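# Examination of the molecular architecture
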Amino acid sequence: MIPERMKAAVYKGNQTIEVEDYPTPVVGPGDVLLEVSHCGVCGSDIHFVLEGWSPPNKVHGHEFSGTVVKVGDAVTAWKIGDAVVGGPTVRCGECEYCRAGRPNLCSGRGAVSGGDWQGAFADYMRVPEAELLRLPDGLTLREAALTEPLTVALHGITLAKVAPGERVLITGGGPIGALSAAALIHRGITDVVVSEPSSVRRALCERLGATVVEPGELTTPSMPDQIVPEPFHAALECSGHALAMEQCLGQLARTGRLVLVGAGIKPPRFDPNRIILNELVITGAFCYDAGGFERALEMLAAPDFPTDVLIEPVDVGLHELRDAIGRLGAGEVPAKVMVAPTQKVRNDG
Ligand SMILES: [Zn+2]
Ligand SMILES: [Zn+2]
């Protein structure tokens, strides 16, 4: 029996989250109801809560996996008991970007936290049937909750156009930076350097096989046509910090590519002459490649992909979410924090 009310971690504004009694979502004809298994805490969740990017009275959480517990009358793809992960929202399929194979840029796209959308920091979640993917064999629901952030990392790598034998710099060794390093190394790009101020995050990136540096070690040559002695072919900026964006540009080889993956408020100051004289390319990375979720699931299910290193060993309950966000914001937690709403009776009872 599915209860009529459930627990949800609600952002109340003013940096607070409260676990509230919430109505269990009602499914429409084309929806399924998931019992949430795991939901990762994203960098955007940290901005929502600590910096007030979110309106109050929202339930966030978009990096989820779960089990189908109810299906709408018109649902054909799923049945009760199926293990699934959240995929990309459905796109128009008709605009110039969709037709060009770049559905992430669809003219009709909306914000993830818009409207009456309720996220997965809750016992149950309603999802349109077309926005789910099946787990490959051998992948647990807990591991599968890494799918969305890995898809984000893969999109950055795609836009960086990294070729075999190239050197890649990653600034910011949080979950997206670490997933980017793991994905590059898994694909045989072994010369990966991660710049990160937090020692626990540097240690995690080293475990993944990356070389690590402290941000202060990255200096930009004073003349715009000068290149550092060991330059990078591509840089993935995953911290959102203006200084790191500027440092990335200063570390690139001629024709180097800088991909901005992490979002920040403070704008960087780029030297246009460095960009001109070395023909550098700067691009942003928003969301996902077309087909990116399928590739991320395949990578996660590979036996040698280090999911155990990338997920914090202890899951948190809904009541512990606010505390976890604080520790993540302070850079104290190296890996992806997984919220396990229904498994934490001990804490949420
Ligand atoms: Zn995310
Ligand atoms: Zn479109």
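No experiment lies behind these values; they were computed from the predicted model shown.

## Section: the overall build of the protein chain
- Scanning the protein chain for helices and strands turns up twelve helices and 14 strands.
- Rg of the C-alpha trace for the protein chain: 20 Å, near the compact-globule value of 20 Å for 349 residues, within the 12% margin.
- Overall size of the protein chain, expressed as C-alpha extent along the three principal axes, is 65 × 45 × 40 Å.
- Here the protein chain holds 349 residues, and 52% of them are scored as buried.
- Partitioning the intrachain contacts of the protein chain with sequence separation of at least 6 by distance along the chain shows that 71% fall at a separation of at least 24.
- As displayed, the protein chain has an accessible area near 15700 Å², and 53% of this comes from carbon and sulfur atoms.

## Section: the coordination of the zinc ion (ligand 1)
- Protein ligation of the zinc ion (ligand 1) involves Cys42 (SG), His62 (NE2) and Glu63 (OE), the donor distances falling in the range 2.2 to 2.4 Å.
- Residue classification places Cys42 among the buried residues on the basis of a relative accessible area of 14%.

## Brief notes about the domain arrangement of the protein chain
- Split into domains, the protein chain comes out as domain 1 (5-146 + 311-348) and domain 2 (150-284).
- Computed over C-alpha atoms only, the centres of domain 1 and domain 2 are separated by 29 Å.
- Of the residues lining the interface, twelve residues belong to domain 1; the matching set on domain 2 comes to twelve residues.
- The contact between domain 1 and domain 2 buries some 910 Å² in all, and 60% of this surface belongs to carbon and sulfur atoms.
- Of all residues in domain 1, the largest losses of buried area upon contact with domain 2 belong to Trp53, Leu146 and Pro334, amounting jointly to 47% of the total for that side.
- Remark: the boundary between domain 1 and domain 2 carries three residue pairs in polar contact (both at pLDDT 80 or more).

## A word on the packing of aromatic side chains
- Considering all chains together, one arrives at one aromatic pair under this definition.
- Its guanidinium or amino end placed over the ring of Phe232, Arg167 lies 4.3 Å from that ring's centre, counting from NZ or CZ.

## Some details on the pattern of salt bridges
- By the definition in use, this model includes 13 salt bridges.
- Measuring nitrogen to oxygen at the nearest pair gives 3.0 Å for the salt bridge that ties Arg142 to Asp315. Residue Arg142 is located in helix α3 (residues 141-144), and its partner Asp315 is located in the loop between α10 (307-310) and α11 (321-329); the two are separated by 173 residues in the primary sequence.
- With a relative accessible area of 12%, Asp315 lands in the buried category.
- Ionic contacts of the salt-bridge type, sharing partners, join the residues Arg5, Lys7 and Asp21 into one network.

## Observations concerning the side chain of Gln251
- Counting through the fold element by element, Gln251 comes out in the loop between α7 (242-250) and β12 (252-260).
- Here Gln251 falls in the buried class, since its relative accessible area comes to 5%.
- Polar side-chain contacts of Gln251 include one of 3.1 Å to the backbone oxygen of Thr219.
- If sequence neighbours within four positions are ignored, Gln251 has contacts with Leu169, Leu218, Thr219, Val228, Pro231 and Phe232.

About the thresholds
- Residues numbered from 1 in each chain as written.
- Chains lettered and ligands numbered in written order.
- Predicted model: local features only at pLDDT ≥ 70, side-chain atom pairs only at ≥ 80, totals over all residues.
- Heavy atoms only, no water.
- Helix = DSSP H or I, 4+ residues; strand = E, 2+ residues; numbered from the N terminus.
- Rg over C-alpha atoms; globule rule 2.2 N^0.38 Å.
- Buried < 20%, exposed > 50% of the residue type's maximum accessible area, 1.4 Å probe, protein only.
- Contact = heavy atoms within 4.5 Å.
- Areas by Shrake-Rupley, 256 points an atom, 1.4 Å probe, with all protein chains shown as cover.
- Donors = N, O, S within 2.8 Å, 3.2 Å for Na, K, Ca; no water.
- Domains from an automatic or database assignment.
- Buried area = accessible area lost by both parts, 1.4 Å probe.
- Polar contact = N/O pair within 3.5 Å; in protein donor to acceptor, adjacent residues only side chain to side chain.
- Phe/Tyr/Trp six-rings, centres within 6.5 Å; stacked < 30°, edge-to-face > 60°.
- Lys NZ or Arg CZ within 6 Å of the ring centre and 35° of its normal.
- Salt bridge = Lys/Arg side-chain N within 4 Å of Asp/Glu carboxyl O.

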